[in-house]
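# Fold and geometry: a report
Listed below are the residues making up each chain.
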Amino acid sequence: MLKIVLCDDNSHSNKEYAELISEIAEKNQLETVISCFESGESLLFHYSDTIDQIDILYLDIFMNETNGMETAKKLRDYGCKAQIIFLTSFEDYVYDAFDVNAVQYLLKDNTSNEKFELVFLKAVKLASKRVEELFTFEFDGETGVIPIEQISYFEIWRRIVTVHYGNRETAKFYDSIEHLEQRLCEKGFVRTHRSFLVHLPYIAMFSHHNLQLKTGEVVPVGGTYIQTLKRTFSDYITQFHVYGSKSPRIKEGE
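Residues numbered from 1 in each chain as written. Predicted model: local features only at pLDDT ≥ 70, side-chain atom pairs only at ≥ 80, totals over all residues. Heavy atoms only, no water.

## As for the overall build of the chain
For the record, the criterion: The helix and strand labels rest on DSSP assignments: H or I over at least four residues marks a helix, E over at least two residues marks a strand, and numbering proceeds from the N terminus. Both definitions apply: the radius of gyration is a C-alpha atom measure, and the globule rule equals 2.2 Å times residues to the power 0.38. Only protein chains enter the accessibility calculation, which uses a 1.4 Å probe; a residue is then buried when its area is under 20% of its type maximum, exposed when over 50%, and partly exposed in between. Here, two residues are considered to be in contact whenever any of their heavy atoms come within 4.5 Å of each other. Where accessible areas are quoted, they stem from the Shrake-Rupley method and a 1.4 Å probe; at the residue level, only the protein chains shown are allowed to cover. Charge counting follows a simple rule: Lys and Arg are positive, Asp and Glu are negative, and His as well as the terminal groups are ignored. Charge positions are represented by NZ for Lys, CZ for Arg, CG for Asp and CD for Glu.
Each helix and strand counted, the chain has six helices and 15 strands in total. For 254 residues, the compact-globule estimate of 2.2 N^0.38 gives 18 Å, and the chain sits close to it at 19 Å. The principal-axis extent of the C-alpha atoms belonging to the chain is close to 60 × 40 × 35 Å. A buried classification covers 47% of the 254 residues belonging to the chain. Partitioning the contacts of the chain with sequence separation of at least 6, the portion at a separation of at least 24 is 54%. For the chain, the computed accessible surface area is about 13700 Å², with 47% contributed by carbon and sulfur atoms. Across the chain, 27 positive and 39 negative side-chain charges occur, with their mean positions spaced 8 Å apart.

## A short note on the sheet that holds strand S5 (residues 104–107)
Each strand in a sheet pairs with another by means of backbone hydrogen bonds, the pair being arranged parallel or else antiparallel. The line we're drawing: At least two DSSP bridges between two strands are needed for those strands to be called paired. Interaxial angles span 0 to 180 degrees and are taken between N-to-C directions of axes, which are lines fitted to C-alpha atoms, for helices over the stretch in contact.
Taken together, the five strands give an open sheet; going across it, the order is S2-S1-S3-S4-S5, and neighbouring strands pair in parallel fashion. Pairing within the sheet leaves two strands with one partner each, and these edge strands are strand S2 (32–37) and S5. Within the sheet, the average angular offset between the axes of one strand and its neighbour, ignoring direction, is 20°. Pairing of strand S1 (residues 2–7) with S2 involves six bridges; the strand directions are parallel.

## Notes on the state of the cysteines
For clarity, the threshold we go by: Two cysteine sulfur atoms make up a disulfide if the distance between them is within 2.5 Å.
Here the structure, examined in full by the defined rule, presents zero disulfides. Here Cys-80 is not disulfide-linked; the sulfur of Cys-7 is the nearest cysteine sulfur, at 12 Å. Judged by relative accessible area, which is 2%, Cys-80 ranks as buried.

## Describing the pattern of salt bridges
To keep it simple, the criterion reads: Salt bridges are counted wherever a side-chain nitrogen of Lys or Arg sits within 4 Å of a carboxyl oxygen of Asp or Glu.
This model, assessed by the stated rule, comprises six salt bridges. The residue Glu-181 makes a salt bridge to Arg-191 at a minimum N-O spacing of 2.9 Å. You can see Glu-181 sitting in helix H5 (residues 177–184) and its partner Arg-191 sitting in strand S11 (residues 189–193), a full ten residues away along the chain. Among the charged side chains, a network of salt bridges with common partners joins Glu-178, Glu-181 and Arg-191.

## Digging into empty space enclosed by the protein
Which parts of space are left empty comes out when a probe the size of a water molecule is rolled across the atoms. Just so we agree on the cut-off: As defined here, a cavity is a set of points on a 1 Å grid over the protein atoms alone where a 1.4 Å probe fits but cannot get out. A pocket is an open set with protein on both sides within 12 Å along at least five of seven lines, and residues line them when an atom is within 4 Å of a point. Grid points are joined across faces, edges and corners, and a volume is the space filled by probe spheres set on the points.
Applying the stated criterion across every chain, the model contains one cavity of 30 Å³ or more. Considered as a void within the structure, the largest cavity measures approximately 50 Å³ in volume. For the largest cavity, the full set of lining residues is Leu-6, Cys-7, Asp-8, Ser-13, Asn-14, Tyr-17, Tyr-58, Leu-59, Asp-60 and Leu-87. Looking at the lining of the largest cavity, the elements that each hand over two or more residues are S1, helix H1 (11–27) and strand S3 (56–59).

## Things to note about the environment of Asp-109
Tracing the chain through its elements places Asp-109 in the loop between S5 and helix H4 (113–129). Residues Asp-109 and Phe-90 lie 19 residues apart in sequence; the distance between their C-alpha atoms is 9.6 Å.

## Digging into unusual backbone geometry
The phi dihedral of Glu-65 is positive, around 60°, even though this residue is not glycine. Among the secondary structure elements, Glu-65 is positioned in the loop between S3 and helix H3 (68–77). Exposure remark for Glu-65: the relative accessible area of 74% places this residue in the exposed category. Positioned with a positive phi, Arg-159 is a non-glycine residue whose angle comes to about 70°. Tracing the backbone through its elements, the reader meets Arg-159 in the loop between strand S8 (151–157) and strand S9 (160–165).

## Notes on H1
Heads up, the condition is: Expected helix span is taken as 1.5 Å per residue step, with the number of steps being one fewer than the number of residues. It is the directions from the helix axis to the C-beta atoms that the arc portrays.
Look at H1: 24 Å from first C-alpha to last across 17 residues, which is about the 24 Å you get at 1.5 Å a residue. Buried within H1 we find Ser-13, Asn-14, Tyr-17, Ala-18, Leu-20, Ile-21, Ile-24 and Ala-25. The buried residues of H1 all sit within an arc of 165° when viewed along its axis, so they share a single face. The outward face of H1, more than 90 degrees from its buried face, is lined by the exposed residues His-12, Lys-15, Glu-23, Glu-26 and Lys-27.

## Focus on the pairing of S8
Burial within S8 is extensive, with five of its seven residues counted as buried. Examined bridge by bridge, S8 and S9 share six bridges and lie antiparallel to one another. Bridging from a neighbouring strand, Glu-155 pairs with Thr-162 of S9. Taking the residues between adjacent antiparallel strands as the criterion, S8 and S9 are bridged by two residues, where Arg-158 takes a positive phi near 50°. Here S8 pairs with strand S12 (residues 196–199) via three bridges, running antiparallel.

Here it is as structure tokens:
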């Protein structure tokens, strides 16, 4: 049962998209429960103690008091793992959508029902995989488990790998960077250096010599990897383009 939440201060818009989601769900034989809120405050209050009960969240941007982007950031701070889709009439906040790991940023007037369905089904797929995305490792006879979405990067020194995750936490285990790269290449990780493997959602900006991560950490970029890194990151950000608008550019630092 998918728990879907719509948050828009326009009740007509909530009703319209709730009906569209119901139609798509029925067409694809999906069981859903849809809840609607007309303010970020009411949404945050309702789910303050049950934040993990949201699977997919549709948010408008401009609402009274707490806007959609602020609501999304607060939810992430509370530990919300929902698949967030911004559904709005304004494209002003498209770059900020990266900061909350949004699935998509859709413009109401430029999004066809077909596009809406594709994005919804993508979010459904991601939501269904959420509980499965764990990284396991062994060190000194003990097994460690870390949610992949919490991992920012790996670094290796003499076959000892350090995984960086959460609030600058670390753990160690034995492996090769080549094996890790092969294991995680389809999970959104990219090689930036002979000793570093970075999770794409954590990249804030990069230059020819290093990457700045959203955690505030900086990792090196090797000359051998810069072109592949640019290409991979460019492919990644196009997944978050505004429908009917231009894709954001890669931001490079000097």
